[in-house]
Amino acid sequence: MKTRFAPSPTGPLHLGHAYSALLAFGMAQAAGGNFLLRIDDLDQSRARPEWEQQIYDDLHWLGLHWPTPCRRESNHMADYDAALDQLWDMGLLYPCGCTRRDIREALSAPQDAPREGPDGLIYPGTCRPDRPLAGPRPKDQTLRLNMDAAMHHVREALPLTFTEGGAGLSGETGEILLSRNAMINNVGDVVLSRRDAGAAYHLAVVVDDAAQGITHVVRGADLFDATRIHVLLQTLLEVATPRYHHHVLIRDEHGKRLAKRDDARAIAVYRAEGMTPRDIRQKIGL
Ligand code: GLU
């Protein structure tokens, strides 16, 4: 059993992160397994070394430990490029020049009200080509997954499934099925590489979990829907699908989800106020 906690060094860790990390660490310990820390610093425009250092300090203070050095995504861009090349060569990616505004405008026709998927607005397909594109993968353009073509490619493996040990926001648990229609209508052509930043989270997380041999992914229920994208990419790239455990989200006293900007609930702030790791565990119900 191998699990991981993969924070982004773009702000302070808060109580929600503490919950996720402690839960994953506890599950690994209970199973005699391994807990890995992975630094999700794909977004180099927002990642900062001081936030990364704060992650190490906070997690050590909470009593967690992990093998070092830990994987940092920014060191593995070549791995993500190789996966993108593979998908491109399979004819499943296409370049897209649409801005957010273009997408909104294309979706403003009254018959199809804009709908949100796990990755923002469901793409209307403006740039989707009729047939797979030839030639080398364009390196400086945003690339989307052609969901229809991707689902066609995996047709012999349908229905795709994954095992959910926790539950998504809508309470789904057990064996989760991914149907072709739901993938096309409710997920759509997601972005896998960005013009200015390279590989997107959905691609990197799949490559990383496979490279590290992760068997159990423990993370917040807000990522449950995105898991469908990850399971599809695992199938396309022919890597194993781990088990998933999406946990409840820690909320503030008004019932609102905690976000990075909730600096008042940063672990570092509680530490500075004299709280102990035990107080933190108690606060989040562990
Ligand atoms: N960096 C991502 C986050 O904090 C990781 C998500 C995941 O565990 O897959 O949301």
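This one's a predicted model, so the numbers in the text were calculated from it and none came from an experiment. (Residues numbered from 1 in each chain as written. Predicted model: local features only at pLDDT ≥ 70, side-chain atom pairs only at ≥ 80, totals over all residues. Heavy atoms only, no water.)

> For this particular structure, what's the right way to read the site of the ligand?
Lining the immediate environment of the ligand, one finds Arg4, Ala6, Ser8, Asp40, Tyr201, Val205, Arg219 and Leu223. Tyr201 has a polar side-chain atom sitting 2.7 Å from an oxygen atom of the ligand. Arg219 places a polar side-chain atom, nitrogen or oxygen, 2.9 Å from an oxygen atom of the ligand. Summarising the interface, the protein chains cover 77% of the accessible area of the ligand, which totals 300 Å² for the free molecule. Class assignment for the residues of the shell around the ligand results in four nonpolar, one polar and three charged. (Near = heavy atom within 4 Å. Polar contact = N/O pair within 3.5 Å; in protein donor to acceptor, adjacent residues only side chain to side chain. Areas by Shrake-Rupley, 256 points an atom, 1.4 Å probe, with all protein chains shown as cover. Nonpolar A, V, L, I, M, F, W, Y, C, P; charged D, E, K, R; others polar.)

> Would you mind showing me how to read the pairing of strand 13 (residues 243-247) here?
Where a strand is regular, its side chains alternate between the two sheet faces. Bridge count for strand 12 (residues 216-220) against strand 13 is five bridges, and the pairing is parallel. Paired with His216 across the strands is Arg243, a residue of strand 13. Handedness of the crossover joining strand 12 and strand 13 through helix 8 (residues 226-236): right-handed. (Pairing = 2+ DSSP bridges. Helix = DSSP H or I, 4+ residues; strand = E, 2+ residues; numbered from the N terminus. Right-handed = clockwise from strand over helix to strand, strands pointing away.)

> I'm lost on the packing of helix 7 (residues 201-211) against helix 8 in this one. Help?
Helices that pack against each other are described as a pair by the angle of their axes relative to one another and the distance between those axes. Look at helix 7 against helix 8: their axes get within 9 Å of each other, and the N-to-C directions meet at 55°. Between helix 7 and helix 8, the crossing angle belongs to the class labelled oblique. In this structure, helix 7 meets helix 8 at a crossing whose hand is right-handed. Here Tyr201, His202, Leu203, Val205 and Val206 of helix 7 come into contact with helix 8, specifically with Ala226, Ile229, His230, Leu233 and Gln234. (Axes fitted to C-alpha atoms, helices over the stretch in contact; angles between N-to-C directions. Parallel < 35°, antiparallel > 145°, perpendicular 65-115°, else oblique. Left-handed = near helix turned anticlockwise from the far one by under 90°. Contact = heavy atoms within 4.5 Å.)

> Can you help me understand the nonpolar core in this one?
Across soluble globular proteins, you tend to see nonpolar side chains buried next to one another. Within the largest apolar cluster, 39 residues are counted, with the highest numbers of intra-cluster contacts made by Leu87, Leu145, Leu192, Leu203, Leu232 and Leu236. When contributions to this core are tallied by element, the ones reaching two or more residues are helix 3 (77-89), strand 7 (142-145), helix 5 (147-153), strand 8 (160-164), strand 9 (174-178), helix 6 (180-187), helix 7 and helix 8. (Core = buried A, V, L, I, M, F, W, Y, C linked by side-chain atoms within 4.5 Å. Buried < 20%, exposed > 50% of the residue type's maximum accessible area, 1.4 Å probe, protein only.)

> What is the right way to read the sheet that holds strand 10 (residues 191-194) from this model?
Each strand in a sheet pairs with another by means of backbone hydrogen bonds, the pair being arranged parallel or else antiparallel. Ordered by their spatial adjacency, four strands build an open sheet running 4-7-10-11, and the pairing between neighbours is antiparallel. Every other strand in the sheet has two partners, leaving strand 4 (93-96) and strand 11 (198-199) as the edge strands with one partner each. The pairing of strand 10 with strand 11 spans two bridges and is classified as antiparallel. Counterpart to Arg194 in the pairing with strand 11 is Gly198. On top of the sheet, helix 3 reaches strand 4, strand 7, strand 10 and strand 11; it is set at about 105° to strand 4, its chief contact.

> I would appreciate a short explanation of the sheet that holds strand 1 (residues 2-5) in the present structure.
One open sheet accounts for three strands, arranged 1-2-3; its pairing is parallel. The outermost strands of the open sheet, each flanked by one partner alone, are strand 1 and strand 3 (71-72). The sheet contact formed by strand 2 (residues 34-39) and strand 3 spans two bridges and is parallel. Its bridge partner lying in strand 3, Arg38 is registered against Arg71.

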